Amino acid sequence: MSDNEIYTGAIKRLDNAISHSDMDEESLERLKHPKAVIEVSIPLRMDDGSMQVFTGIRVRHDDTRGPGKGGIRYHPNVSLDEVKSLALWMTCKTAVVGVPFGGAKGGIIVNPKELSRLELERLSRGFIERIADFIGPDTDIPAPDVYTNEMIMGWMMDEYSTIHRRRTLDVITGKPLSLGGSLGRNEATGRGAYDCIKQLEKRRGWKPGDITVAVQGFGNAGQAVARLLFADGYRIAAISDSAGGVYRDEGFDVPSIIQIKNETRHVKAVYCDGAICETVDADNITNAELMELDVDILIPAALENVITADNAERIKADVIVEVANGPTTPEADMILNKKNDTLIVPDILANAGGVTVSYFEWVQNRQGYYWTEADVNQRMDEIMQCEFDVIHDVMESKSIPMRTAAYVHSLNRIGAAIEAQGTRSYFADARD
Ligand code: NAD
């Protein structure tokens, strides 16, 4: 899929939903164009004394409902169209969960694994130096995304504060706890997806021990959802990262795999007793094989476009929970929707727990008053469960795919905000 196709695909989702929503065509037209885009070059002094120039992008898609909100990604494949698509999805996602933000996204074209930690810090601070007038606590609030983490958010907040000569905790979310982060933020994305699965469990009468799960991508979000499901007795039968995966029908001890992944940066089939980890019987599988496993729940939690027209026919999972942003192409959607029994819990709902707790972090920073983890989790669970149910009901009442239902729900909220500023008929009436 070319970069431009990603954005065209993102727009197509809006087109599919508009006829079921209350939004008028004029408001939709607005949403098809990002509000503002900035591309910057970041010269970076490397540890060996040489200099390399990196490209950074920030897109503010829409801020009608509140300041732009969205992560910053470090990846060699970052492109303007990808960032525009991710920003558009953020606009829809913040509306899905009803938090008072719009949508934004950013990225640097870089392979962070090739940089030293000091180079990474200089690059992160350099990016903020370039976009310091574009972002802000009332305009556009970044957060972590693929290959960025809380330490990077801490550096970025510190750099922004230095430039503006004022400690500005609320400019970035996903920060370390000691720098104004929120309890519960680290696992929020995975926890939100877990909340969706628990709502399905109730509706479908699942017994966790009977349900097998495959998780593609074992970073922040993938680990959290796998750990929570494992704790409830679900069988996490397959796990992968960028280097490949492991499969075992009876399921893995998820805390052991998290432990080894965090120690060695690799997913390995192990059982750990304290610091001693022993290999357990399992098959090594590729990421492509993981997608086609005969499991009950498939959780793509890595990158976009992993379920495409090429493999959609062979996907056997009954339920796909999109923790990653944009893992399913529109063509694959059509194939899976025809299968009828495949339910896709779409990204703009399934991974919205992250932005929900980011909102809580921003609120706490502005209040200067911090909540307990139980408080954060409870507030998030309430929002996720409620929005899941609303969207599930829209899906059933209108007989449309759950993705379209999620877009309908978000377009209704965004449309109401845009139209509150005046519609075509309002202005036309005033002329008469
Ligand atoms: P992360 O960097 O912590 O982890 C990414 C994981 O994906 C790593 O384990 C990496 O090895 C793996 N990976 C990379 N390329 C892969 C490939 N080709 N095949 C299989 N695995 C691969 O990132 P994250 O924060 O967990 O984000 C994962 C996804 O979730 C992204 O799509 C992101 O946009 C989305 N998301 C994250 C958050 C959040 O709060 N972290 C919020 C919303 C959405």
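Going by the structure above, here's the rest.
On a predicted model such as this, the values are computed, not experimentally measured, just so you know. (Residues numbered from 1 in each chain as written. Predicted model: local features only at pLDDT ≥ 70, side-chain atom pairs only at ≥ 80, totals over all residues. Heavy atoms only, no water.)

1. Here we look at the site of the ligand
- Surrounding the ligand, one finds 23 residues, the nearest of these being Asp145, Thr189, Asn220, Ala302 and Asn325.
- Ala221 places a polar main-chain atom, nitrogen or oxygen, 2.9 Å from an oxygen atom of the ligand.
- Asn287 is positioned with one of its side-chain polar atoms (N or O) 3.3 Å from a nitrogen atom of the ligand.
- For the ligand, whose free accessible area comes to 830 Å², the fraction covered by protein is 87%.
- Each residue belonging to the shell around the ligand can be placed in one class, and the counts come to 9 nonpolar, 9 polar and 5 charged.
- A domain split of the shell around the ligand shows at least three residues from each of domain 1 (33-168) and domain 2 (188-350). (Near = heavy atom within 4 Å. Polar contact = N/O pair within 3.5 Å; in protein donor to acceptor, adjacent residues only side chain to side chain. Areas by Shrake-Rupley, 256 points an atom, 1.4 Å probe, with all protein chains shown as cover. Nonpolar A, V, L, I, M, F, W, Y, C, P; charged D, E, K, R; others polar. Domains from an automatic or database assignment.)

2. Some remarks on unusual backbone geometry
- Located in the positive-phi region is Arg165, a residue other than glycine, with phi close to 55 degrees.
- Here Arg165 lies in the loop between helix 5 (150-164) and helix 6 (188-204).
- Using a relative accessible area of 78% as the deciding quantity, one classes Arg165 as exposed.
- Its identity as a non-glycine residue notwithstanding, Ser399 has a phi of 50 degrees, on the positive side.
- Tracing the chain through its elements places Ser399 in the loop between helix 13 (373-398) and helix 14 (402-419). (Helix = DSSP H or I, 4+ residues; strand = E, 2+ residues; numbered from the N terminus. Buried < 20%, exposed > 50% of the residue type's maximum accessible area, 1.4 Å probe, protein only.)

3. A word on helix 8 (residues 254-264)
- Residues Val254, Ser256, Ile257, Ile258, Ile260 and Lys261 constitute the buried set of helix 8.
- Buried-residue contacts for helix 8 involve helix 7 (220-231), strand 7 (235-241), strand 9 (270-273) and strand 10 (276-279).
- At the exit of helix 8 stands Arg265, carrying a positive phi of roughly 70 degrees. (Contact = heavy atoms within 4.5 Å.)

4. Quick look at the environment of Ala350
- With respect to the helices and strands, the residue Ala350 is situated in helix 11 (residues 347-350).
- The class for Ala350 is buried, based on a relative accessible area of 0%.
- Separated by 154 residues in sequence, Ala350 and Cys196 place their C-alpha atoms 6.6 Å apart.
- Aside from chain neighbours lying at most four places away, what touches Ala350 is Thr189, Gly192, Ala193, Cys196, Val321, Glu322 and Val345.

Geometry only, nothing functional implied.
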